[in-house]
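Tertiary structure, described
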Amino acid sequence: MNLYGFDARHLAILDMLLTECHVGRTAARLHLSQPAVSNTLAWLRRHFDDPLLVRRGGALRPTPFAERLRDPVRRLLVDLRALVMVRPSFEAPTATRHFRITISQYAAAMLLEPLLARIAADAPGITIECRPTSGDVNEFERGEIDLLVVPWDVLHAGHPRQMLFADEWQCAACAHHPDSPAVLDAAAYRTARHVVPDMQQAIGWELDALGVHRNVAAIVPHAQVVAAVRGSPWIVTMPGGYLRQQAAPDVRILPLPFAVSPLVIGIQWHREAQQEPASHWLRDQIRQAAADAHLPPPVAAEG
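Quick caveat, the model's predicted, so the values are computed rather than measured. (Residues numbered from 1 in each chain as written. Predicted model: local features only at pLDDT ≥ 70, side-chain atom pairs only at ≥ 80, totals over all residues. Heavy atoms only, no water.)

Examining unusual backbone geometry
With a phi angle near 50°, Cys21 is a residue other than glycine that sits in the positive phi range. By the secondary structure assignment, Cys21 is in the loop between helix H1 (8–20) and helix H2 (23–30). With a relative accessible area of 15%, Cys21 lands in the buried category. A positive phi angle is found at His294, which is not glycine, with a value near 60°. As for its placement among the helices and strands, His294 is situated in the segment after helix H11 (277–292). (Helix = DSSP H or I, 4+ residues; strand = E, 2+ residues; numbered from the N terminus. Buried < 20%, exposed > 50% of the residue type's maximum accessible area, 1.4 Å probe, protein only.)

Set out below in structure tokens:
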């Protein structure tokens, strides 16, 4: 069926152009040449009789008509991807599916080892691609991400989700430094110097709401926060499960002297994948990995 010359490639390029507002970045994201994207943009402009992207303030911006196209184009792409990927069943031992997961650094540290062990044993043909939370937030809405494994409060509205596990916030300090706290009360926490990861933390917002402002000594990569307090009098505030996983005899774990909400990790999948057998299987593998890691389930779950 010829829909006025349209095909899936036109839809994908138009959607990415409306996301990136840049021909070069669109070409890179879609693994196409810039001339190919430029030619398609010219074709789309002729077809719709609208410039679609116009230069304002040194950058390309969508026209009002292009903004009206954004949601219908994305819905078409999501429906098309769902149609192409659907199968009547999913047989993990023989499947060759490629799954893309957006996962927070903390969740990856807690879940990836048991998850990949399960997949290697039960589904050797499966490929798992882990994406950082700092990537394109529209990938999920476009149906390009099979599963989100991130803090509950950053999940998307309008898609199914479920709480996976919860973790209480705790502190860690060097066990042998003479100036490192052996007991941590509210006053000691306020006067201590802190190591924090180079990413936003929900605990930061909660402490700010309580009027507790950390005196930051170092900002380091997430994977190095525990190592950074060794040999120093500084402290770090992280989920307790992560601290116990990373801790060594020279690290002392202490309770956080403030009442704050636990960190809840949730999973979310696109509404179009709700009944897809492969998506059901992947969600079950994540839940089983959390159980394998003995991660405490939250009090309530939401589907």
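A closer look at the pattern of salt bridges
The full count for this structure, using the stated rule, is 15 salt bridges. One salt bridge connects Glu139 with Arg29, and the closest N-O pair in it is separated by 3.9 Å. Pair noted here: Glu139 is in helix H6 (residues 138–141) and Arg29 is in helix H2, with a separation of 110 residues, a long-range link. Residue Glu139 is classed as buried on the basis of its relative accessible area, which comes to 4%. Among the residues examined, Arg29 registers a relative accessible area of 27% and is labelled partly exposed. For Glu129, the salt bridge is made with Arg131, and the minimal N-O distance between the two is 3.2 Å. (Salt bridge = Lys/Arg side-chain N within 4 Å of Asp/Glu carboxyl O.)

Regarding the environment of Met163
Topologically, Met163 is positioned in strand S6 (residues 161–167). Distance in space between the C-alpha atoms of Met163 and Ala59 is 40 Å, their sequence separation being 104 residues.

Some points on the packing of helix H5 (residues 105–122) against H11
Contact geometry for H5 and H11: axes closest at 8 Å, N-to-C directions at 125°. Of the possible angle classes, the one that applies to H5 and H11 is oblique. Classified by chirality, the crossing of H11 by H5 is right-handed. On H11, the residues that touch Leu111, Pro114, Leu115, Arg118, Ile119 and Asp122 of H5 are Trp281, Gln285, Ile286, Gln288, Ala289, Ala290 and Asp292. Residues that form the contact of H5 with H11 fall into these classes: 8 nonpolar, 2 polar and 3 charged. (Axes fitted to C-alpha atoms, helices over the stretch in contact; angles between N-to-C directions. Parallel < 35°, antiparallel > 145°, perpendicular 65-115°, else oblique. Left-handed = near helix turned anticlockwise from the far one by under 90°. Contact = heavy atoms within 4.5 Å. Nonpolar A, V, L, I, M, F, W, Y, C, P; charged D, E, K, R; others polar.)

Digging into the pairing of strand S5 (residues 147–151)
For S5, a buried count of 4 out of 5 residues is recorded, marking the element as mostly surrounded by other parts of the structure. The sheet contact formed by strand S3 (residues 98–103) and S5 spans 3 bridges and is parallel. What sits directly across from Thr102, in S5, is Leu148. Across 4 bridges, the pairing between S5 and strand S12 (residues 263–268) is antiparallel. Across the sheet, residue Val149 finds its bridge partner in S12, namely Ile267. (Pairing = 2+ DSSP bridges.)

Observations concerning the sheet that holds strand S9 (residues 215–220)
An order of S9-S8-S10-S7-S11 is seen for the 5 strands of this open sheet, with the pairing classed as mixed. In the strand order of this sheet, the two ends are held by S9 and strand S11 (251–255), each with one partner. On average, each strand axis in the sheet is tilted by 35° relative to the strand beside it, whichever way the strands run. As paired elements, strand S8 (residues 193–197) and strand S10 (residues 235–239) share 2 bridges and run parallel to each other. Its bridge partner lying in S10, Val195 is registered against Val236.

A closer look at the environment of Ile128
Relative to the elements of secondary structure, Ile128 occurs in strand S4 (residues 127–131). For the pair Ile128 and Glu20, spaced 108 residues apart in sequence, the C-alpha separation works out to 26 Å. With residues up to four places along the chain from it excluded, the contact list for Ile128 reads Phe99, Ile101, Leu116, Ile119 and Leu282.

A few points about the nonpolar core
Residues Leu111, Ile126, Val149, Leu164, Tyr189 and Trp281 are the most contacted members of the largest nonpolar core, which totals 58 residues. Broken down by element, the residue count for this core peaks at 8 residues, all from H5. Residues Leu11, Leu18, Leu41 and Ala66 belong to the second largest nonpolar core, which totals 19 residues. (Core = buried A, V, L, I, M, F, W, Y, C linked by side-chain atoms within 4.5 Å.)

Things to note about the layout of surface pockets
Space inside the largest pocket adds up to approximately 620 Å³. Taken together, 31 residues form the lining of the largest pocket, with Ser104, Thr133, Val150, Pro151 and Val154 sitting closest to its centre. For the lining of the largest pocket, the secondary-structure elements that each account for two or more residues are H5, H6, S5, helix H8 (202–209), S10 and S12. In terms of residue count, the dominant contributor to the lining of the largest pocket is S5 (3 residues). In terms of residue class, the lining of the largest pocket is built from 18 nonpolar, 9 polar and 4 charged. Roughly 380 Å³ of volume is contained in the second largest pocket. Looking at the second largest pocket, it is lined by 18 residues, and the ones nearest its centre are Met85, Arg97, Gly143, Asp146 and Glu276. Among the elements that line the lining of the second largest pocket, the one with the most residues is helix H4 (residues 64–85), at 4 residues. (1 Å grid on protein atoms, 1.4 Å probe; cavity = no way out; pocket = protein on both sides within 12 Å on 5 of 7 lines; lining within 4 Å. Points joined across faces, edges and corners; volume = space filled by probe spheres on them.)

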